[in-house]
Amino acid sequence: METTAKETEQFSGIIRPLTEEDIPALRQISEYWLRDSGRVAYDEVEGDIATLRESLAENSPKHMFVAQTQDGQVVGMMGVAETPKDPLIPFTQTDKPCELIIAYVHQDFRGGQGVGTALINASLDLARSLDKKEILLESGPRHTHSGYPFYDKQPGFKRVGVIKDFYGKGAHTIVWRKTF
Ligand SMILES: CC(C)(COP(=O)(O)OP(=O)(O)OC[C@H]1O[C@@H](n2cnc3c(N)ncnc32)[C@H](O)[C@@H]1OP(=O)(O)O)[C@@H](O)C(=O)NCCC(=O)NCCS
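Residues numbered from 1 in each chain as written. Predicted model: local features only at pLDDT ≥ 70, side-chain atom pairs only at ≥ 80, totals over all residues.

The name given to the chain in an unreviewed UniProt entry is N-acetyltransferase domain-containing protein.

**Q** Go over the overall build of the chain with me, naming the residues and quoting the values.
**A** Within the chain, the secondary structure is distributed over 4 helices and 9 strands. Going from N to C terminus, the chain has its helices and strands arranged as β-α-β-β-α-β-β-β-α-β-α-β-β. Taken against the 2.2 N^0.38 rule, which gives 16 Å for 180 residues, the C-alpha radius of gyration of the chain at 16 Å falls within 12% of a compact globule. (Helix = DSSP H or I, 4+ residues; strand = E, 2+ residues; numbered from the N terminus. Rg over C-alpha atoms; globule rule 2.2 N^0.38 Å.)

**Q** Any details on the sheet that holds strand E6 (residues 97–105)? Residues and values, ideally.
**A** Taken in spatial order, the 7 strands line up as E1-E4-E5-E6-E7-E9-E8 in an open sheet, and their pairing is mixed. Each edge of the open sheet is held by one strand with a lone partner, namely strand E1 (14–17) and strand E8 (158–163). Here the strands of the sheet are splayed against their neighbours by 25° on average, with no regard to which way each runs. Pairing geometry for strand E7 (residues 134–139) and strand E9 (residues 173–179), over 6 bridges, is antiparallel. (Pairing = 2+ DSSP bridges. Axes fitted to C-alpha atoms, helices over the stretch in contact; angles between N-to-C directions.)

**Q** Please give an account of unusual backbone geometry that cites residues and values.
**A** Apart from glycine, the bulk of residues carry a negative phi angle, and the bulk of peptide bonds sit in the trans form. One non-glycine residue, Ser37, adopts positive backbone phi at about 45°. Note on placement: Ser37 falls in the loop between strand E2 (35–36) and strand E3 (39–40). Despite not being glycine, Ile102 has its phi angle at roughly 45°, a positive value. Counting through the fold element by element, Ile102 comes out in strand E6. Judged by the 23 C-beta atoms lying within 10 Å of it, Ile102 is buried. (Buried ≥ 20, exposed ≤ 12 C-beta atoms within 10 Å, placed from the backbone.)

**Q** Could you give an account of the UniProt feature "domain: N-acetyltransferase" (unreviewed entry) in the chain, with specific residues and numbers?
**A** Per the UniProt record, "domain: N-acetyltransferase" (unreviewed entry) is found at residues 13–180. For residues 13–180, the helix share is 28%, the strand share is 30%, and the end-to-end C-alpha distance is 27 Å. (UniProt positions renumbered as here; feature names shortened; annotations may be inferred.)

**Q** Got a sec to walk through the pairing of strand E4 (residues 62–68)? Specific residues and values, please.
**A** Counting buried positions along E4 yields 6 of 7 residues, so the element is predominantly enclosed. Hairpin connection between E4 and strand E5 (residues 74–81): a loop of 5 residues separates the two successive antiparallel strands, and Gly72 in this loop has a positive phi of roughly 95°.

**Q** Please provide a residue-by-residue account of the packing of helix H1 (residues 23–33) against helix H2 (residues 42–56), values included.
**A** Here H1 crosses H2 at 150°, and the two axes come no closer than 10 Å. You can see that H1 and H2 cross each other, and the crossing is right-handed. Packed against H1, whose contacting residues are Ile23, Leu26, Arg27, Ser30 and Glu31, the element H2 presents Val45, Asp48, Ile49 and Leu52 at the interface. Its residues placed into classes, the contact of H1 with H2 shows 5 nonpolar, 1 polar and 3 charged. (Left-handed = near helix turned anticlockwise from the far one by under 90°. Contact = placed C-beta atoms within 7 Å. Nonpolar A, V, L, I, M, F, W, Y, C, P; charged D, E, K, R; others polar.)

Written as structure tokens, this is what we have:
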């Protein structure tokens, strides 16, 4: 019998909205991924934590999901901002865009275990329920190997541009877009 390519596992935990209690675990995940030559980029970590907290406010235009394993461990986060950040606006195609934000999965649970897929599907469902017509995201050079292949594999996501020097001189960010 012919062998077929391995399919992404389906995440067996749950995807649910962020709560304040999740933040310490998510800070650790952020600190793991936001490093340059081993040094944690604390300003970026704090920026992400501030966004997580902002999303908890009533009527916030930012919405965050977390992935939780069956035994209760919080292993990932991803969310949607109802309005893309300004530098993304030139890449929009409709009058109802949104942005995919803060996509990180714990190092022991990523790369084919289905956590990121479950989180992005929840985020896309939310975007559609908000009557959005497209979703954009940007990802900097730090994530070239750890993140870009994931976005390139997502159905309907296309690389639509580069924002030069977005993360500092020579540190360009790539823009992806999916229209619904
Ligand atoms: C990007 C990320 C959120 C994706 O989540 P994930 O849990 O790894 O995603 P999944 O397990 O659902 O993977 C879906 C598919 O993408 C593939 N994939 C995910 N990351 C990959 C990588 N770095 N290189 C190659 N393939 C990758 C998986 O192997 C799987 O492929 P398959 O369908 O052929 O099995 C996660 O890998 C991550 O946190 N990466 C490090 C931080 C990062 O770069 N974040 C992006 C910041 S913008």
